[in-house]
Amino acid sequence: GDGVTDNADRFAKVFARLTRDGVNGLRLEAGVYGVSRTIELPTLVSLHQDPGACIRALPGFAGDAVLRKQRGVIGVHNWNGRISGGMIDGGRQNVTGIHVPGACRMDITDIEIVDCLAKGIYVGSPDKTWGYEVNVRSVRCAIDLETAHAPGSIGLHYEQITDSNVCQVVIIGYETGVASESAANEFCQVHVWSVTAHGPLKRNFFCNGWGDSYMQCYADAPFDNGNECYGFLVAKPFNRFVNCRVYSNSYTFDKTVIGFQIGDG
């Protein structure tokens, strides 16, 4: 790809052919693949990008996500594939990088998601579709250090997806770093931080799920222009925290950072 040509129709045709022929994977060679609208990745098809490969949202992008994994069949214990390697680039637009509305037995690995100003990765959907084992590891979700996030932005959002593992993830530039609003998910070695140009980092971790675990997670310098802000905002019961930490530096404001806020729930 040249980064300018619109490849949306090309992706749609390729994925339709792979589904028809029962082929379960696509490999993208190095290059920039511009797209003008959301790319729909079939449920049973995996996508692997070589180093140097990038799917980039073109200016005026039509859609809420650069890449969407099509919804799996609820209750069917099929392997829903993998998204791995390369980069997803939102082009500094108000979009989500990867959206997984409902899936099971799926991995998102070894990928960088950049300049997606709404959400980096969104696992779930507003209709609360059930799913499980959507694992994220060795991933970086980052917004350019001179670009502001969208209001209400979330780096990694789990909603009604259970029994998943998140490991070795870095999230940079969002209003909320991690939002867990499901149950029985495991977060290990997740580092959340921002700089002033991004806008406020109100909650590094929004712990709004039941029975999650947070291990060696790092809430790095939450700030909200003098308002209260939280390293870990814990709103639901039965969560576990092991070797986690909250740090304040020159970005934070005196007497505003609450390391752990334990809510009424």
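The rules behind these values
Residues numbered from 1 in each chain as written. Predicted model: local features only at pLDDT ≥ 70, side-chain atom pairs only at ≥ 80, totals over all residues. Heavy atoms only, no water. Patch = residues over 30% accessible without salt bridge, like charges linked within 9 Å, V, L, I, M, F, W, Y side chains within 5 Å. Areas by Shrake-Rupley, 256 points an atom, 1.4 Å probe, with all protein chains shown as cover. Salt bridge = Lys/Arg side-chain N within 4 Å of Asp/Glu carboxyl O. Helix = DSSP H or I, 4+ residues; strand = E, 2+ residues; numbered from the N terminus. Polar contact = N/O pair within 3.5 Å; in protein donor to acceptor, adjacent residues only side chain to side chain. Contact = heavy atoms within 4.5 Å. Buried < 20%, exposed > 50% of the residue type's maximum accessible area, 1.4 Å probe, protein only. Expected span 1.5 Å × (residues − 1). Arc of directions from axis to C-beta.

### Quick word on a nonpolar patch on the surface
For step 1, the next point in the chain: A contiguous nonpolar surface patch, about 270 Å² in accessible area, is contributed by Val246, Phe260 and Ile262.
For step 2, the next point in the chain: Relative to the assigned elements, Ile262 resides in strand 22 (residues 257–262).

### Some details on the side chain of Asn135
For step 1, the next point in the chain: Mapping Asn135 onto the fold places it in strand 10 (residues 131–142).
For step 2, the next point in the chain: There is a polar contact of 2.8 Å between the side chain of Asn135 and the backbone nitrogen of Asn165.
For step 3, the next point in the chain: Every residue in contact with Asn135, bar those within four places of it in the chain, is listed here: Met106, Asp107, Ile108, Tyr158, Asp163, Ser164 and Asn165.

### Considering unusual backbone geometry
For step 1, the next point in the chain: Although it is not a glycine, Arg105 sits at a positive phi angle of roughly 50°.
For step 2, the next point in the chain: Among the structural elements, Arg105 can be located in strand 8 (residues 104–116).
For step 3, the next point in the chain: Even without being a glycine, Gln216 presents a positive backbone phi close to 55°.
For step 4, the next point in the chain: Mapped onto the elements, Gln216 comes out in the loop between strand 17 (213–215) and strand 18 (218–220).

### Observations regarding the environment of Arg56
For step 1, the next point in the chain: Structurally, Arg56 is set in strand 4 (residues 53–69).
For step 2, the next point in the chain: In the structure, Arg56 is positioned 53 residues away from Thr109 in sequence and 18 Å away in space, judged by C-alpha atoms.
For step 3, the next point in the chain: Once residues lying within four places of it in the same chain are set aside, the contact partners of Arg56 are Val32, Tyr33, Gly34, Val35 and Asp89.

### Brief notes about the pattern of salt bridges
For step 1, the next point in the chain: Applying the stated criterion across every chain, the model contains eleven salt bridges.
For step 2, the next point in the chain: Here Arg68 ties to Glu40 by a salt bridge, and the two come within 3.2 Å at their closest N and O atoms. Residue Arg68 is found in strand 4, and its partner Glu40 is found in strand 2 (residues 31–41); the two are separated by 28 residues along the sequence.
For step 3, the next point in the chain: With a relative accessible area of 14%, Arg68 lands in the buried category.
For step 4, the next point in the chain: Relative accessible area serves as the criterion here: at 32%, Glu40 is assigned to the partly exposed category.
For step 5, the next point in the chain: Close ionic contact of Arg68 with Asp64 constitutes a salt bridge, the shortest N to O distance being 2.5 Å.

### Points about helix 1 (residues 8–21)
For step 1, the next point in the chain: Between its first and last C-alpha, helix 1 extends 20 Å over 14 residues, near the 20 Å set by a 1.5 Å rise per residue.
For step 2, the next point in the chain: Within helix 1 the residues assigned to the buried category are Ala8, Phe11, Val14, Phe15 and Leu18. Angular distribution of buried residues about the axis of helix 1 spans 130°; they occupy a single face of the element. For helix 1, the exposed residues lying more than 90 degrees away from the buried face are Arg10, Lys13 and Arg20.

Distances and angles like these do not, on their own, reveal function.
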